[in-house]
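Summary of the model geometry
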Amino acid sequence: MKTLGIETSCDETAIAIYDSEDGIMGESTYSQMEMHAEYGGVVPELASRDHCLKIVNVLKDALGNNSIDDIDRIAYTSGPGLLGALLIGESFAQGLSTALDIPLLSINHLEGHLMSPMMEFPEIKMPFICLLVSGGHSMIVDVKEKGNYEIIGQSQDDAVGEAFDKVAKLLDLPYPGGPHIEKLALEGNPNAYDFPRPMIHSNNLDMSLSGLKTAVLYTVQKIKDLDQSKKADIAASFQKAVTDLLVVKIKKAVEETNRKDVIIAGGVAANKFIRNEFKKFEDSLDIKVYYPDLKYCGDNAAMIAFVGSMMITPKEPTIKSKVRARWPLNELKE
Ligand code: KG4
Ligand code: ZN
């Protein structure tokens, strides 16, 4: 069975085909990053317009030699995300499903991230713990079974990716800042600055990032000659503080739930320093840590097609709009 996945929740226009037997048959992602970089963040109206302009070519590119007539169902992201951007994907998906007379499935974007490593690592079995860290979300999810997700911890303020982006701005690095901080941190000393790790000792799995970001701001304001080497030290120390916080919370989550598989997903999961630090305690905790392939850490349609392929075929066609700007993982049932 071939599922066509469509993702337009933020600044990536992405389409992919997932075959239940052969895996990914085709995929294409157009990133609007360069356009938004000029504004230091995603501009929702520009994002919607660009999805409109690019989506047909992205479909053609994703199809390659596959025929659209061989597609069995359409799965699209209906939330959470930017409403205007989501509506473009939904309208396109509804059009295709009507024209081809095939089922249409609405998919939760976060569920796509949660499941993404299972595309490559079929040995991952639910239940597992997922640390979902992106520009908009930072949460620890107990994935009990398909559709049954408990958020057992989350950031009380900024998302981890957002903190990377804000600190990058303080260091005059381009948007999105995560990859730039990671690169600059390679030249720096992670112990140069002792930044706070807010809520690291709290007796729950929640965390806070805004205090850390503010501590970086005050440090930057105090330094008179913020040269490249000081910036590198700040980047490395910040990255270390975030990683320490995430590691402590995941260790605690594993202890509390006794899960054996840990998945790190979302844009921040691309960070190699974070990946290495998590790998270090695999043996001592007798767990296995999985990451999606780098190209599936950020927003992509393969994960949406993959989740779509796991869903039961809807009984009746629907043209009702399902888009939701806010759609928590523990509210999947309608
Ligand atoms: O999942 P994603 O592509 O989009 C959503 O937010 O849904 O995540 C983007 C976020 C941005 O904040 C970006 O700075 C961060 O992921 N990011 C990274 C890295 N690559 C992307 N953060 C730290 N290290 C990276 N290598
Ligand atoms: Zn995402």
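Keep in mind that what you see is a predicted model, and the values were worked out from it rather than measured.

Reading the values: the criteria
Residues numbered from 1 in each chain as written. Chains lettered and ligands numbered in written order. Predicted model: local features only at pLDDT ≥ 70, side-chain atom pairs only at ≥ 80, totals over all residues. Heavy atoms only, no water. Core = buried A, V, L, I, M, F, W, Y, C linked by side-chain atoms within 4.5 Å. Buried < 20%, exposed > 50% of the residue type's maximum accessible area, 1.4 Å probe, protein only. Helix = DSSP H or I, 4+ residues; strand = E, 2+ residues; numbered from the N terminus. Contact = heavy atoms within 4.5 Å. Salt bridge = Lys/Arg side-chain N within 4 Å of Asp/Glu carboxyl O. Phe/Tyr/Trp six-rings, centres within 6.5 Å; stacked < 30°, edge-to-face > 60°. Lys NZ or Arg CZ within 6 Å of the ring centre and 35° of its normal. Pairing = 2+ DSSP bridges. Domains from an automatic or database assignment. Buried area = accessible area lost by both parts, 1.4 Å probe.

1. Brief notes about the nonpolar core
It is characteristic of soluble globular proteins that their nonpolar side chains tend to be buried jointly. Counting 47 residues, the largest nonpolar core has L131, F238, L246, I250, I264 and F278 as the members making the most contacts within it. At the level of secondary structure, the elements contributing two or more residues to this core comprise β6 (128-133), α6 (160-170), α7 (178-185), α8 (210-222), α9 (228-257), β9 (261-265) and α10 (272-280). A total of 13 residues in this core trace back to one element, the largest contributor, which is α9. Ignoring anything within four residues of it in the chain, the contact list for L131 reads M139, I140, M207, L246, I250, I263, I264, A265 and F278. In terms of nonpolar packing, the next biggest core, distinct from the first, is built from 33 residues, A14, C130, M139 and W327 among them.

2. Some remarks on unusual backbone geometry
Peptide bonds are mostly trans, and most non-glycine residues show a negative phi. Here the bond from G79 into P80 is cis, since omega is -10°, no more than 30 degrees from zero. Topologically, P80 is positioned in the loop between β4 (73-79) and α3 (83-100). Each neighbour pair has its own omega, and for M126 with P127 the value is 5°, a cis peptide bond. As for its placement among the helices and strands, P127 is situated in the loop between α5 (117-120) and β6. Despite not being glycine, D101 shows a phi value in the positive range, around 55°. Mapped onto the elements, D101 comes out in the loop between α3 and β5 (104-108). Positive phi, normally seen in glycine, also occurs at D172, with a value near 60°. Note that D172 resides in the loop between α6 and α7. With a relative accessible area of 59%, D172 lands in the exposed category.

3. Quick look at the pattern of salt bridges
Scanning the entire structure with this criterion turns up 21 salt bridges. Across the pair R259 and D142 runs a salt bridge whose closest N-O atoms are separated by 2.8 Å. Taken together, the residues span a long stretch of sequence, with R259 in the loop between α9 and β9 and D142 in strand β7 (residues 138-145) at a distance of 117 residues. In this pair, the class of R259 matches that of D142, namely buried. Among the salt bridges present, the one from E150 reaches K144, with a minimum N-O distance of 2.8 Å. What makes E150 partly exposed here is its relative accessible area of 37%. Here the salt bridges do not stand alone but share partners, grouping D158, E162, K166 and K213 into one network.

4. Considering the packing of aromatic side chains
How two aromatic rings sit relative to each other is set out by the distance from centre to centre and by the angle between their planes. Applying the stated criterion to the full structure yields five aromatic pairs. Relative to Y290, the ring of F121 lies with its centre 5.2 Å away and its plane at 55°, an arrangement referred to as tilted. With F121 in the loop between α5 and β6 and Y290 in strand β10 (residues 288-290), the pair connects residues that are 169 residues apart, well separated along the chain. With relative accessibility at 6%, the residue Y290 sits in the buried group. With a centroid separation of 5.7 Å and 10° between ring planes, the pair formed by Y193 and F195 is classed as stacked. Cation over ring: K251 sits above F281, and NZ or CZ is 5.0 Å from the ring centre. The ring of Y290 is capped by K288, whose NZ or CZ atom sits 5.1 Å from the centre of that ring.

5. Structural notes on the pairing of strand β1 (residues 2-7)
Taken across its six residues, β1 has six buried, putting it largely inside the fold. Side chains of β1 alternate between two faces, with K2, L4 and I6 and T3, G5 and E7 buried alike. By the bridge criterion, six bridges tie β1 to strand β2 (residues 12-19) in an arrangement that is antiparallel. The residue bridging L4 from the neighbouring strand is I17, located in β2.

6. Some remarks on the domain arrangement of the chain
Annotation of the chain at the domain level lists domain 1 (2-113 + 297-331) and domain 2 (124-294). Here the C-alpha centroids of domain 1 and domain 2 sit 27 Å apart. Every contact between the two is made by 16 residues of domain 1 and, on the other side, 19 residues of domain 2. Interface area, domain 1 with domain 2, both sides summed: about 1,400 Å², of which 70% is carbon and sulfur. Taken as a group, H113, C297 and L329 account for 44% of the area that domain 1 buries against domain 2, more than any other trio of residues on that side.

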